[in-house]
Amino acid sequence: MADSTDTDRLAESDLDNQALFFHKYPKPGKLAIQATKPLGNQRDLALAYSPGVAAPCLEIAKDPSKAADYTSRANLVAVISNGTAVLGLGDIGPLASKPVMEGKAVLFKKFADIDVFDIEIDAREIDHVCDVIAALEPTFGGINLEDIKAPECFEIESRLRARMKIPVFHDDQHGTAIIVAAAVRNALMLSKKDLADVKIVASGAGAASLACLNLLVSLGARHENILVTDREGVVYEGRNESMDPWKARYARETEKRTLEDAIDGADIFLGLSAAGVLKPGLLKTMARDPLILALANPTPEIMPDLAREVRPDAMICTGRSDFPNQVNNVLCFPFIFRGALDCGATHITEKMKMAAVDAIAALARENVNEVAAKAYGSDTPIFGPEYLIPTPFDPRLILKIAPAVAKAAAEEGVALRPIEDMGQYLETLNRFVFRSGLIMKPIFKSTQDTNHRVIFADGEDERVLRAAQVLLEDRVCQPILIGRPSVIETRLERFGLTAKAGTDFQIVDPSDDPRYRDYVDAYLDKVGRKGITPDSARTIMRTNSTVIAAIAVTRGEADAMICGLEGRFPHHVRDIGQVIGLDHGVKRFAALSVLISQSGTKFFVDTYVQRHPSAEDIAEMTILAADEIKRFGIAPKAALVSHSNFGSDDTEDTRKLRKALAIIRNERPDLEIDGEMHGDAALNPAVRERSMPASTLTGEANLLVFPTLDAANITLNVVKTMLDALHVGPILLGTNSPAHILTPSVTSRGVVNMAAIAAAQVVQNERGEDAG
Ligand SMILES: NC(=O)C1=CN([C@@H]2O[C@H](COP(=O)(O)OP(=O)(O)OC[C@H]3O[C@@H](n4cnc5c(N)ncnc54)[C@H](OP(=O)(O)O)[C@@H]3O)[C@@H](O)[C@H]2O)C=CC1
Ligand SMILES: CC(=O)C(=O)O
Ligand SMILES: [Mg+2]
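Residues numbered from 1 in each chain as written. Chains lettered and ligands numbered in written order. Predicted model: local features only at pLDDT ≥ 70, side-chain atom pairs only at ≥ 80, totals over all residues.

Within an unreviewed UniProt entry, the label attached to the protein reads NADP-dependent malic enzyme, and the organism entered is Fulvimarina uroteuthidis.

1. A look at the site of ligand 2
The full set of residues close to ligand 2 is Leu87, Asp147, Asp171, Asp172, Asn297, Gly319, Asn328 and Asn329. Residues that form the shell around ligand 2 fall into these classes: one nonpolar, four polar and three charged. (Near = placed C-beta within 6 Å. Nonpolar A, V, L, I, M, F, W, Y, C, P; charged D, E, K, R; others polar.)

2. Observations regarding the pairing of strand E12 (residues 478-482)
The buried fraction of E12 amounts to five of the five residues, a majority that puts the element mostly inside the structure. Burial of E12 is two-sided: the residues Gln478, Ile480 and Ile482 facing one way and the residues Pro479 and Leu481 facing the other way are all buried. Pairing between strand E11 (residues 453-456) and E12: four bridges, direction parallel. What sits directly across from Phe456, in E12, is Leu481. Here E12 pairs with strand E13 (residues 506-508) via three bridges, running parallel. Counted as the bridge partner of Leu481 is Ile507 from E13. (Buried ≥ 20, exposed ≤ 12 C-beta atoms within 10 Å, placed from the backbone. Helix = DSSP H or I, 4+ residues; strand = E, 2+ residues; numbered from the N terminus. Pairing = 2+ DSSP bridges.)

3. A closer look at the sheet that holds strand E10 (residues 315-318)
Taken in spatial order, the six strands line up as E7-E6-E5-E8-E9-E10 in an open sheet, and their pairing is mixed. Since the sheet does not close on itself, it has two edges, and those belong to strand E7 (233-234) and E10, each with one partner. Pairing geometry for strand E5 (residues 200-203) and strand E8 (residues 268-271), over four bridges, is parallel. For Val201, the partnering residue across the bridge sits in E8 and is Phe269. Strands in contact with helix H9 (residues 207-218) are E5, strand E6 (226-230) and E8; relative to E5, the strand with the most contacts, it is inclined by about 160°. (Contact = placed C-beta atoms within 7 Å. Axes fitted to C-alpha atoms, helices over the stretch in contact; angles between N-to-C directions.)

4. Quick word on unusual backbone geometry
Omega for the peptide link from Tyr25 to Pro26 comes to -5°, which places this bond in the cis form. When you line up the elements, Pro26 lands in the loop between helix H1 (4-24) and helix H2 (42-48). Omega for the peptide link from Asn297 to Pro298 comes to -5°, which places this bond in the cis form. Considering the arrangement of structural elements, one finds Pro298 in the loop between strand E9 (291-294) and helix H12 (304-310). Unusually for a residue other than glycine, Asn325 sits at a positive phi of about 60°. Of note, Asn325 is situated in the loop between E10 and helix H13 (333-342). Judged by local crowding, Asn325 falls into the buried class, with 24 C-beta atoms found within 10 Å.

So, in structure tokens, the structure goes:
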């Protein structure tokens, strides 16, 4: 088993490699453009392009506000950088900044469904930068300036705000300031200190730091309580080196010259400078219950564990997602822009920023509701030193920040399209709660540090080896690999993976394992009367890694198993059936597949096992699938899909579905389900309403149940390919212990997801046993 020091070492050394791999495959980069209108025929072409396109052009020429109706502009933001202050990496230039800007674009999309063009400009002079950006106004609904260094960024932003009639927002300044202000407010509430009295020492006198200080001052912090340091040390009155008018506002008449001098007695350390600037010893002189905001990215001014050693009373925040209290502008920019775009704001005003601060700070102090709890996984956070602000995954962020910002915009008179019906607006925002594509989050969270053992039948496969490394680093489970140790070691080295076979994970070598005889006996116990002779059992136990994995699970040497990267699905089903068997009361296995795409998450059953299920089989698989879906924190809504719509045809299959519906309604009246119905009626309530106004299904179905394997599997693959969706699964339903059969086309990410699902099933089964 790997201890935490081992896994830390692995994580530090291998994250870079994984990040390079992640960015390169399957397509370089993180973004692509997607058309939102079909271009299926000559007529579509005539509408989308010449001659039809002239009509919206002329409408917009007459009335520019019509661009919001006829183009994507109102939901399109430019993330623009000149690469002069890229994270804490410094002035690495516009081209090298592109991965960060693509990353910001993806966050805009994921968290707030805002489309983004990332624009990296080769321009450093203020005039040049402003001319380039101002000229882009016709294209965009908003401008998010990113990683442009101080002091130029201040002038650039204020000039562009004056020149442009769309929101211009320098994220490193204001996004950071908003989230810092929220964290400070909540921390001071816990330490029972007043912002007007606290002493603040800042490391960094650049874009982020000065904007944070400005906002804190406007909230009540006092200039005379603030000391700012930069590369030259304390910013004092009379200093000439590396000064500018924005820094000069914080120059103090003081004898202090170093961070060490300045931090003495400070209540808040605000780090927006560079890695490792804050040495642990310096924390000793800080006031009681200090707040340490070590926000440099990717490596903070001090790592939380070092800070905690010296100051156990400290509240510690970083910009990173792998520690509690992630104070990062990602908590702000997607949501503030969502609110600003939705009301057609021409500017983001101080009042809109304050509304965002209030919303974020208040959210952390609210009880976590059921929906949000799912984003946090098993440990529901409680407001306190380890939970000063919500995580970026909290689905309530968009519901709170966007309306507050839009309301403030209307009050300030900068909203061209004020939101008229806030209730209705909230409804539309609700779509993010389940469409974020972050569906695997509760699964991963529930497995954290539980250390369950997942055995992989295909332990020599590159995808399994890559997955094993990720699973170890992310503390999802302890992988056990079946394979030849020498092959595994050579491949780990070849793929640049730092995990060590035998140390970081256990290996089961089928040709040389001391438990071999015990395994053969255990197998014969299971299958001895099913036509397997002792001789063939011995051969199978040397050659069939699915059987070996399954025996390991039944002997309690592993908690769950993954196989199927090679070989035929039905053979693996047979082996698992013979050894692990069916869960109590279950008659047949079935396979549930999840498709995650930009347009939502859908579950499909049975995609791999039962060719021609009976009505009883369909009822059973639907109930198993619905229960599995709850593990993802989703309430199942099932549709029995067919070529027939609520009795429009009468065939063997439609009768079968109707009978299945009756069985399910009888056995599980709690389940929201209807059928048989067309696929479009399942997914579109308006279509369903036309044919069956009295349907017991509400909204969009998320579980599609098919009459045959052909129908389910064909639909799965067609939809997956057309939507470029991520397939998670197949999840084998009905097993006595978690066991999953992947398909030969699975990626290493797919292996990770399925191992996490298996580990989460173990966790949940244990909880069920404890409760029972
Ligand atoms: N967590 C979050 O959400 C955010 C974090 N950040 C982080 O903040 C940092 C600064 O970003 P930003 O303000 O945009 O960049 P800027 O280039 O505008 O400012 C950087 C500031 O840090 C100072 N600095 C750099 N190195 C050191 C050092 N070794 N010791 C003391 N001071 C130093 C610079 O000093 P000088 O003036 O002397 O050059 C300058 O004042 C980055 O690490 C960035 O990742 C930024 C935005 C958001
Ligand atoms: C988070 C961010 O914007 C930065 O570190 O620059
Ligand atoms: Mg930035």
